[in-house]
Amino acid sequence: MSSMNGRSDGLTQGGESHEEPISPSVSRGTVVLAATPIGNVSDASTRLVELLQSADLVAAEDTRRLYDLANRLGVRVGGRVMAYHDHNERRMADPILDQVRDGACALVVSDAGMPTINDPGMAIVRRAIERGIPVTCAPGPSAVLDALALSGLPTDRFCYEGFLPRRHQERLRHLRTLRSEERTMVFYETPHRIDQAMQDLQEVFGPDRLMALCRELTKEHEQIRRGTVGDIVRSLQEDPPRGEMVLVVAGASALEARRNDPEAMDDRQLAALARDLARSEGLRLKEAIARVAAEHPLADGSLPNRKRIYALAVEEDEED
Ligand code: SAM
């Protein structure tokens, strides 16, 4: 059984009672991860407001942004505020948890959205679980679910992929591992990499895959561009998007997934496929092999060895 304990009853895991809850939504001796607005400050929950006022300790990714949010909400942060970011989260997890063990309620917030979702928070969750300290969540906005819901693409099965690798080759390789992914995929992206990322998406998934580019969610200039990958690539040339953005890409159809399954074909089968392609489309064997290899990446996203496929294809030719 998981030792993660999200109770808000003020009991420790051993059943020992800590003091009374500070307010109905704030328990002593507990770590609370709280989501903050991703744009529209009115998305702050009542519970977040109560926690900001009443938690003994607020661990914030950026303390200035925390105070700015509190100002906009008209809230006075009651507890001690400390910086808790990517560079110190492992080091700070235990000192914070020591205070929680002594009865404090520690609130963890990131700059926007849900802590731990491409934001700090995971180190304290893991350590709390290891130490048997209750950890719970005051859920709320997160760009993943907002974009997914607005995309119009299937939501029954999806996977969150976070940010794509920055480097072109790594990004391509990573995307190739997703060629057979049948679930809707959600990626975070930045305006300065969106062009290259979209080119790579087009190269790997093809121009006809459906997708949505969701930008500035919950903000005044919220915009959802829906269409095929090719449509979105063209739209970027006409109207380069600014601000924060999420890409939601449809999964492969069952047929595509089978065709793209890296396990499905060995080099000899790829050689046969390339020979058929060369014949049917009047391509040079090398061109056909390059295409077949690009369409059948290995499980780690790298491409099959074209020289070996070429040798096998020539061998088959000679046998014919
Ligand atoms: N913890 C956040 C969450 O739960 O969504 C994510 C933080 S991550 C550092 C920031 C990325 O989230 C942005 O680059 C963008 O891809 C996405 N994002 C955050 N707010 C957004 C918004 N209002 N509209 C579109 N994308 C957003």
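All of these numbers come straight from a predicted model, not from anything done at the bench.

### Side note on the environment of C159
Inspection of the secondary structure assignment puts C159 in strand 6 (residues 158-163). For C159, the contacting residues outside a window of four places in its chain are E181, R183, T184, M185 and V186.

### Topic: the site of the ligand
Around the ligand, the structure places 19 residues, and the nearest of them are I117, D119, S142, Y188 and M245. Within the backbone of I38, a nitrogen or oxygen atom sits 2.9 Å from a nitrogen atom of the ligand. Separating a nitrogen atom of the ligand from a side-chain N or O atom of E244 is a distance of 3.3 Å. Using a 2 Å cut-off from the grid points, one finds that the ligand occupies the largest pocket. Elements that contribute at least two residues to the shell around the ligand include exactly strand 7 (184-189) and strand 10 (245-249). A class-by-class count of the residues in the shell around the ligand yields eleven nonpolar, three polar and five charged. Residues lining the shell around the ligand come from more than one domain, with at least three contributed by each of domain 1 (2-140) and domain 2 (144-256).

### Remarks on unusual backbone geometry
Of note, the phi angle at T116 is positive, near 80°, even though the residue is not glycine. Within the element layout of this structure, T116 appears in the loop between strand 4 (105-109) and helix 4 (122-131). Accessibility expressed as a relative area gives 22% for T116, which makes it partly exposed. With a phi close to 50°, N118 is a non-glycine residue in the positive phi region. Within the fold, N118 resides in the loop between strand 4 and helix 4.

### Regarding the environment of H168
Position of H168 among the secondary structure elements: in helix 6 (residues 168-176). For H168, a relative accessible area of 37% puts it in the partly exposed group. A sequence separation of 28 residues divides H168 from Q196, and the C-alpha atoms of the two residues are 7.6 Å apart. A polar side-chain atom of H168 sits 3.2 Å from a polar atom in the side chain of D200.

### Description of the nonpolar core
Looking at soluble globular proteins, one finds that nonpolar side chains tend to be buried together. By size, the foremost hydrophobic cluster in this structure holds 22 residues, and its most contacted members are L175, F187, M198, L201, F205 and L247. Breaking this core down by element, the ones donating at least two residues are helix 6, strand 7, helix 7 (194-205), strand 8 (210-215), helix 8 (229-238) and strand 10. Considering each element in turn, this core owes the most residues, six residues, to helix 7. Leave out the neighbours within four places in its chain, and L175 touches L164, F187, D200, L201, V204 and F205. In terms of nonpolar packing, the next biggest core, distinct from the first, is built from 21 residues, M82, M92, A106 and M114 among them.

### Considerations on the domain arrangement of the protein chain
Domain annotation for the protein chain reports domain 1 (2-140), domain 2 (144-256) and domain 3 (262-319). On a C-alpha basis, the centres of domain 1 and domain 2 stand 31 Å from each other. Across the contact, six residues belong to domain 1 and ten residues belong to domain 2. It is I38, I117 and N118 in domain 1 that bury the most area against domain 2; as a group they hold 76% of the surface buried on that side. Connecting domain 1 to domain 2 are zero salt bridges. Taken together, the links from domain 1 to domain 2 amount to three residue pairs in polar contact (both at pLDDT 80 or more).

Calculation notes
Residues numbered from 1 in each chain as written. Predicted model: local features only at pLDDT ≥ 70, side-chain atom pairs only at ≥ 80, totals over all residues. Heavy atoms only, no water. Helix = DSSP H or I, 4+ residues; strand = E, 2+ residues; numbered from the N terminus. Contact = heavy atoms within 4.5 Å. Near = heavy atom within 4 Å. Polar contact = N/O pair within 3.5 Å; in protein donor to acceptor, adjacent residues only side chain to side chain. 1 Å grid on protein atoms, 1.4 Å probe; cavity = no way out; pocket = protein on both sides within 12 Å on 5 of 7 lines; lining within 4 Å. Sits in = over half its atoms within 2 Å of the grid points. Nonpolar A, V, L, I, M, F, W, Y, C, P; charged D, E, K, R; others polar. Domains from an automatic or database assignment. Buried < 20%, exposed > 50% of the residue type's maximum accessible area, 1.4 Å probe, protein only. Core = buried A, V, L, I, M, F, W, Y, C linked by side-chain atoms within 4.5 Å. Buried area = accessible area lost by both parts, 1.4 Å probe. Salt bridge = Lys/Arg side-chain N within 4 Å of Asp/Glu carboxyl O.

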